[in-house]
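# Remarks on the overall topology
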Amino acid sequence: MLFPDYRPRRLRQSVAFRRMIRETTLSTDDLILPLFAIDGKGVKNPIPSMPGHYQLSIDHLLKIAKKAHDLRIPAIMIFGIPKKKDSLATSAYAEDGIVQKAAKAVKDNVSDLAVITDVCLCQYTDHGHCGVLKGNIVDNDASLDLLAQTALSHVKAGADMVAPSDMMDGRVAEIRDLLDDNGFSDIPIMSYAAKYCSAYYGPFREAAESAPKFGDRKTYQMDPANALEAIREATMDVEEGADIIMVKPALPYLDIICRIRDEIDLPIAAYNVSGEYAIIKAADKMGWVDGQKVMMETLTAIKRAGAKMILTYFAIEAAMEIIEAG
Ligand code: PBG
Ligand code: ZN
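So, a few notes on the structure that sits alongside this text. (Residues numbered from 1 in each chain as written. Chains lettered and ligands numbered in written order. Predicted model: local features only at pLDDT ≥ 70, side-chain atom pairs only at ≥ 80, totals over all residues. Heavy atoms only, no water.)

### Re the environment of Tyr124
You can see Tyr124 is positioned in the loop between β5 (114–119) and β6 (133–134). Once the C-alpha coordinates of Tyr124 and Ser87 are considered, the two residues, 37 residues apart in sequence, prove to be 8.2 Å apart. If we skip the residues at most four places from it in the chain, Tyr124 touches Gly80, Pro82, Lys84, Lys85, Asp86, Ala89, Ser91, Ala92, Ile98 and Val99. (Helix = DSSP H or I, 4+ residues; strand = E, 2+ residues; numbered from the N terminus. Contact = heavy atoms within 4.5 Å.)

See below:
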């Protein structure tokens, strides 16, 4: 296939031809919208580094959940900002915790919208780490039961799926066992399997008020330099009973999405994180890029790399764009 016999431009010359040979299409079915739930009524606190996103009391969260559902987005992911933090993250697994209340409200009001909950302790611990501490060390095994209890309490409140983001070893198996023992063998686990220790989480930590008070997350989140380790992490989570494998962040880790897609025969999710969103929004505001176009190109690239599901703060905007384009 050499020029001049083969001319790749032949199949690029019309909209119709381009549509016919397009290999990747983005659908509203691929999108998951993350939302931040906070106590109170009528609360809609803007998150400065994430324009268009807010800390939402449940009344406001429900409005956005309905909008997402109307735009044919199949699922939301709920993060909670609790009233009270302590060393054992008790608000994370409290029956009347913020995520539990928000999950229940969404299921009561927008029942067809799938509710996925983020399972972690960092928003709920007074030190801001994703597990409990022994001295200054994040204690893996002591954190497992609390994470599983958190997942169980979300499911009891109505969550359709749980997504552990803590990166403790063995947590998928612990959660699977506890859910099964309590009659929830039908609830899937979306595992943040390859979650990197990333500076792209900056805006999220402002939104969720979850930055660690000392140190960093390098002893549990992955080193950005590693790829083979991501395959080990993902394989382990598959063996422990994960149903969906997530890679996070997305755009700087497209190679990881692609490699895990090749190795693992489960649906792959990618988390287009807060910093990825903030960068595009900021450059758009400066007039330096066309934010809408960069958004669609980015989401398409994440899907092309091998992700079926994309958790993205662009979900609403992208869904509107997809529906408009028909
Ligand atoms: C906490 C958690 C983080 C994100 C999701 N869950 C941040 C972190 O690990 O500090 C990041 C999401 C984002 O940046 O959009 N376990
Ligand atoms: Zn965490």
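### Some words on the pattern of salt bridges
Evaluation of the coordinates by the stated rule reveals 14 salt bridges. Connected through shared salt-bridge partners, Asp30, Lys303 and Lys308 make up one network. (Salt bridge = Lys/Arg side-chain N within 4 Å of Asp/Glu carboxyl O.)

### Some thoughts on the side chain of Arg217
Looking at the element boundaries, Arg217 is found in the loop between α6 (202–208) and α7 (228–240). Beyond its immediate stretch of four places on either side in the chain, Arg217 contacts Cys122, Gly128, His129, Cys130, Cys197, Arg205, Ser210, Ala211 and Pro212.

### Here's the deal with the nonpolar core
Grouped together as the largest cluster of nonpolar side chains are 114 residues, with contacts concentrated most on Phe36, Val106, Met190, Ile257 and Ile260. Residue contacts for Val106: discarding those within four places in its chain leaves Leu61, Leu62, Ala65, Ile76, Ile78, Ser111, Leu113 and Val115. (Core = buried A, V, L, I, M, F, W, Y, C linked by side-chain atoms within 4.5 Å. Buried < 20%, exposed > 50% of the residue type's maximum accessible area, 1.4 Å probe, protein only.)

### Describing the coordination of the zinc ion (ligand 2)
Surrounding the zinc ion (ligand 2) are the protein donor atoms Cys120 (SG), Cys122 (SG) and Cys130 (SG), which sit 2.2 to 2.3 Å from the metal. The site at the zinc ion (ligand 2) holds 4 donor atoms, and with the angles between them running 96 to 122°, its shape is tetrahedral. Written as a sequence motif, the donor residues of the zinc ion (ligand 2) are C-x1-C-x7-C. Assessed through its relative accessible area of 7%, Cys122 is described here as buried. (Donors = N, O, S within 2.8 Å, 3.2 Å for Na, K, Ca; no water. Tetrahedral: all angles 85-135°; square planar, octahedral: opposite > 155°, others 65-115°.)

### Quick notes on the packing of aromatic side chains
Under the defined criterion, the tally for this structure stands at 10 aromatic pairs. Among the aromatic residues, those joined into a cluster by ring pairs are Phe36, Phe79, Tyr192, Phe204, Tyr271, Tyr277, Tyr313 and Phe314. The ring of Tyr54 has Lys44 lying over it, and the distance from NZ or CZ to the ring centre is 4.6 Å. Stacked on the ring of Tyr201, the Lys or Arg Lys248 has its end atom at 4.6 Å from the ring centre. (Phe/Tyr/Trp six-rings, centres within 6.5 Å; stacked < 30°, edge-to-face > 60°. Lys NZ or Arg CZ within 6 Å of the ring centre and 35° of its normal.)

### Notes on unusual backbone geometry
The residue after Phe3, namely Pro4, is reached through a cis peptide bond having omega 10°. Considering the arrangement of structural elements, one finds Pro4 in the segment before α1 (15–21). Each neighbour pair has its own omega, and for Lys248 with Pro249 the value is -10°, a cis peptide bond. Relative to the elements of secondary structure, Pro249 occurs in the loop between β10 (244–248) and α8 (254–263). Backbone geometry places Arg72, a non-glycine residue, at a positive phi of 65°.

Any functional reading would require information beyond the geometric quantities listed.
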